[in-house]
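# Structural overview for review
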Amino acid sequence: MKVIILGADGFCGWPTTLHLSAHGCDVVMVDNLSRRNIDNELEVRSLTPISFMGERIAAWREISGRCLAYHNFDVAKNYKRLLSLIEQEKPEAIVHFAEQRSAPYSMKSPRHKRYTVDNNLNATNNVLCAIVESGLDVHLVHLGTMGVYGYGTAGMQIPEGYLPVKLEVAPGVLVEKEILYPPDPGSIYHMTKTQDALLFYYYNKNDGVRVTDLHQGIVWGTQTAETAVDERLINRFDYDGDYGTVLNRFLMQAAVGHHLTVHGTGGQTRAFIHIQDTVRCIELAIRNPPLSGDRVNILNQQTETHQVRALAEKVRQITGAEIAFVKNPRVEASENALQVANDKFLSLGLNPITLDDGLLTEVTEIAMKYRHRVDLSKIPCTSLWRP
Ligand code: NAD
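All of these numbers come straight from a predicted model, not from anything done at the bench. All chains use their own residue numbering, which begins from 1 and follows the written sequence. In keeping with the model being predicted, local features are shown solely for residues with a pLDDT of at least 70 and side-chain atom pairs are shown and tallied solely at 80 or more, while totals for entire chains, interfaces and linings include all residues. For side-chain calculations, the full set of non-hydrogen atoms in the structure is used, while hydrogens and water are omitted.

## Thoughts on the sheet that holds strand β4 (residues 93–96)
Spatially, the seven strands line up as an open sheet ordered β3-β2-β1-β4-β5-β9-β13, and their pairing is parallel. The sheet terminates laterally at β3 (69–71) and β13 (297–301), the two strands that pair on one side only. If you compare each strand with its neighbour and ignore which way they point, the axes differ by 20 degrees on average. At least two DSSP bridges between two strands are required for those strands to pair. Numbering goes from the N terminus for both helices and strands, where a helix is a DSSP run of H or I of at least four residues and a strand is a run of E of at least two. Pairing of strand β1 (residues 2–6) with strand β2 (residues 26–30), which is carried by five bridges, proceeds in the parallel orientation. Comment: axis = line fitted to C-alpha atoms, over the contacting stretch for helices; angle = value between 0 and 180 degrees taken between N-to-C directions.

Right, here's the structure in full:
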């Protein structure tokens, strides 16, 4: 199967590229290296020493014997190049990771808000439009986020995309319908993801584009079976206040003797998935595409939910690090419950990795090994939702 991966140099894109290549896919990578440039802008670097793209490709070829094609261009700005790549390669699937993915970064300033909206919405619209213009029946797999639902779910389990509703249109007359689960974005980044969902809905309805939208939880872990084989293939590990996701950030803070920074009361409940399960889920998604005429297939790509305070306590018990409660930079409820359905991936055969599977130790080992690369001044989140 030929697959184009947009955003192939990123935290999820690189391990997915290697996983699909190792499992028999012919992978064509696209990335404009904007994430590496944002590291330059923020004057921070991945905790792990990631190689240049050329070194990554050469190392994978040496180790696996497999070739990876790579194109460096901006998916949001270079529509013609994207269209001709699709026409030339004729992929069966496109996996779309190519968006600015940090909520704090999207809230830094008006410039960051505008960049995130321009980049994310144009990237998504361009790929959908190019699939239609190519005339090819390409399955688009997009990485969305659980965060589009907000976190006030009124005690109910979040379904996989659609909500059955009953409306009494006249006394005693009930109309039943399924609607997209109402979005409730909590940042400009999350707002772009809610708008992506409408673009998918529209191009699917109007043009019959086959789309799978994966609403992913917070990804933890670093390495997958393929990235762990050689240091030149190592995956990126973000720990800074903008891009560091909560569990990896706690484990790295413990490794360098820093307190665990819990925002607010730590009463926020979030959905999680290990990076190894991310790559498995994407393979399951591309091998189980929607049929022609199907509506957008929405799956919740998460395996467990945890309250942030409880996560910090777990890391404290393993590492002995101290917990510090700091002012929450976000505008959000201080406490929330979160229950999420994930029946679709379980029925496709996903056997989830959980926090209790010992992999926390693996991340701690990575954090310990590379702690000399940490800049402690980059740990606090300085982006504010309301300046
Ligand atoms: P990342 O920033 O590490 O990777 C994104 C990649 O896309 C980067 O390499 C970047 O250079 C590239 N890119 C961005 N805009 C581009 C453009 N216009 N043209 C070409 N390339 C472009 O992010 P990630 O953590 O790998 O996340 C990938 C996707 O998964 C994102 O869409 C994100 O919303 C989603 N997601 C991630 C997480 C997580 O915890 N990391 C959780 C939920 C959802």
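## Thoughts on the packing of aromatic side chains
Both the distance between ring centres and the angle between the ring planes are used here to describe each pair of aromatic rings. Here the aromatic set is Phe, Tyr and Trp, taking the six-membered ring for Trp, and pairing holds for ring centres within 6.5 Å; pairs whose planes are under 30 degrees apart are stacked, those over 60 apart are edge-to-face, and all others are tilted. Under the counting rule described, the total for this entry stands at three aromatic pairs. Note on Tyr149 and Tyr181: the rings are 5.1 Å apart at their centroids and 80 degrees apart in plane angle, and the pair reads as edge-to-face. With Tyr149 in the loop between β5 (139–145) and β6 (157–158) and Tyr181 in the loop between β8 (173–180) and α7 (188–207), this pair connects stretches of sequence that are 32 residues apart. No difference in accessibility class separates Tyr149 from Tyr181, as the two residues are buried. Residues Tyr202 and Tyr203 carry aromatic rings whose centres are separated by 5.6 Å and whose planes lie at 80 degrees to one another, so their mutual orientation is edge-to-face. Per-residue accessibility, obtained with a 1.4 Å probe over protein chains only, is compared with the maximum for each type, and a residue is labelled buried under 20%, exposed over 50%, and partly exposed between these values.

## Observations regarding a nonpolar patch on the surface
Where nonpolar side chains cluster on the molecular surface, the patch consists of Leu167, Val169, Val173 and Val175 and spans about 330 Å² of accessible area. Contributions of two or more residues to the nonpolar patch are made by β7 (162–170) and β8. Its place among the elements puts Val175 in strand β8. Only residues whose relative accessible area exceeds 30% and that take part in no salt bridge are eligible for patches, with like-charged residues grouped when within 9 Å of each other and nonpolar side chains (Val, Leu, Ile, Met, Phe, Trp, Tyr) grouped when within 5 Å. For the area figures, the Shrake-Rupley method with a 1.4 Å probe applies, and any residue is considered shielded solely by the protein chains shown. Here, a salt bridge means any Lys or Arg side-chain nitrogen found within 4 Å of an Asp or Glu carboxyl oxygen.

On their own, these measurements won't tell you what the molecule is for.
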